[in-house]
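Summary of the model geometry
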Amino acid sequence: MMSIQILFFSISGNTRAFVKKLSEYATTKHEEDASKPLVTFKEITDDSLFEEMLEPFFAFVPTYLDGGNGAENGTNEIMTNTLSEFIEFKDNRQKCLGVVGSGNKNFNWQYCLTAKQYAERFDVPMVDDFELRGTPTDVERVYENLVKYVV
Ligand SMILES: Cc1cc2nc3c(=O)[nH]c(=O)nc-3n(C[C@H](O)[C@H](O)[C@H](O)COP(=O)(O)O)c2cc1C
């Protein structure tokens, strides 16, 4: 059985906190039932050295967009671009199973837009999303949704 491998980017710590909770949750589930996959993760930062991913992974990305007016401009990714460059490095995009977005619903239609843009650009499913650090219910649901792609 494969484990679930996650690459994530996090600026203010929400996505990092969520991924850690997800990994802890997966460990608990795995201890109850060994067929449930573990979650491993790797944080990508602006200092990361790009490397070729050998195993399939999911990308978790928060949403940071440029100011703009939210209509004809204002939807360009800022701050998280190193993650998209990492996915574009060598054949990594072929290993990407899907994306999960983090955002804030106060941004209305721009909610989790970066993850939606990744899904379109890399032609992968947008597996799920969660707001800010997510709730325990989000952790359970996201885990179950990721599991569908690896078992
Ligand atoms: C400058 C700025 C712009 C943001 N723009 C959006 C946005 O357009 N859509 C959205 O859903 N969330 C937006 N957010 C909210 C973040 O995506 C959200 O807080 C996320 O959980 C941050 O993840 P991180 O703590 O892992 O960096 C924005 C936050 C900041 C500070």
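Residues numbered from 1 in each chain as written. Predicted model: local features only at pLDDT ≥ 70, side-chain atom pairs only at ≥ 80, totals over all residues. Heavy atoms only, no water.

In the nomenclature of an unreviewed UniProt entry, the chain corresponds to Ribonucleotide reductase assembly protein NrdI from the organism Vagococcus fessus.

It is worth spelling out the overall build of the chain at this point. From N to C terminus, the chain includes five helices and five strands. Ordered by position from N to C terminus, the α and β elements of the chain give β-α-β-β-α-α-β-α-β-α. The C-alpha radius of gyration of the chain comes to 15 Å, within 12% of the 15 Å expected for a compact globule of 151 residues. Projecting the C-alpha coordinates of the chain onto the three principal axes gives extents of approximately 50 × 35 × 25 Å. Looking at the chain alone, contacts between residues at least 24 apart form 75% of all its contacts between residues at least 6 apart. Total accessible area on the chain stands at roughly 7700 Å², and carbon and sulfur atoms take up 49% of it. Placing the 15 positive and 24 negative side-chain charges of the chain at their respective mean positions leaves the two points 3 Å apart. (Helix = DSSP H or I, 4+ residues; strand = E, 2+ residues; numbered from the N terminus. Rg over C-alpha atoms; globule rule 2.2 N^0.38 Å. Contact = heavy atoms within 4.5 Å. Areas by Shrake-Rupley, 256 points an atom, 1.4 Å probe, with all protein chains shown as cover. Lys, Arg positive; Asp, Glu negative; His and termini not counted. Charge placed at Lys NZ, Arg CZ, Asp CG, Glu CD.)

What follows deals with helix α1 (residues 14–32). Counted at 1.5 Å a residue, the expected span for α1 with its 19 residues is 27 Å, and the 27 Å between its end C-alpha atoms agrees. For α1, every residue scored as buried is listed here: N14, T15, A17, F18, V19, L22, S23, Y25, A26 and K29. On its buried face, α1 sits against β1 (4–8), β2 (39–43), β3 (57–62), β4 (96–103), β5 (126–131) and α5 (136–150). (Expected span 1.5 Å × (residues − 1). Buried < 20%, exposed > 50% of the residue type's maximum accessible area, 1.4 Å probe, protein only.)

The five strands lie next to each other as β2-β1-β3-β4-β5, forming an open sheet whose pairing is parallel. Looking at the sheet topology across the chains shown, the edges are occupied by β2 and β5. The sheet shows a mean angle of 25° between the axes of neighbouring strands, taken without regard to direction. Of the strand pairs in this sheet, β1 and β2 are connected by five bridges, and their pairing is parallel. Residue pairing in the sheet places F8 in a bridge with E43 of β2. α1 rests against β1, β2, β3, β4 and β5 of the sheet, and its axis sits at about 160° to β2. Running over the sheet, helix α2 (residues 81–88) touches β1, β2 and β3 and is turned about 160° from β3. (Pairing = 2+ DSSP bridges. Axes fitted to C-alpha atoms, helices over the stretch in contact; angles between N-to-C directions.)

Interhelical geometry of α2 versus helix α4 (residues 113–122) gives an angle of 20° and a closest axis separation of 12 Å. Classified by the interaxial angle, the pair formed by α2 and α4 is roughly parallel. Seen from above, α2 lies across α4 with right-handed handedness. Seen from α2, the contacting residues are L83, S84, I87 and E88; seen from α4, they are Y118, R121 and F122. Tallied by class, the residues present in the contact of α2 with α4 amount to four nonpolar, one polar and two charged. (Parallel < 35°, antiparallel > 145°, perpendicular 65-115°, else oblique. Left-handed = near helix turned anticlockwise from the far one by under 90°. Nonpolar A, V, L, I, M, F, W, Y, C, P; charged D, E, K, R; others polar.)

Okay, the site of the ligand next. Residues in close proximity to the ligand total 18 residues, the closest being S10, S12, N14, T15 and Y64. S102 has a polar side-chain atom sitting 2.8 Å from an oxygen atom of the ligand. C112 is positioned with one of its backbone polar atoms (N or O) 3.0 Å from an oxygen atom of the ligand. Protein burial of the ligand: of its 640 Å² of free accessible surface, 81% is covered by the chains. Residue assignment for the shell around the ligand shows that the elements contributing at least two residues are α1 and β4. Of the residues belonging to the shell around the ligand, the class tally is eight nonpolar, ten polar and no charged. (Near = heavy atom within 4 Å. Polar contact = N/O pair within 3.5 Å; in protein donor to acceptor, adjacent residues only side chain to side chain.)

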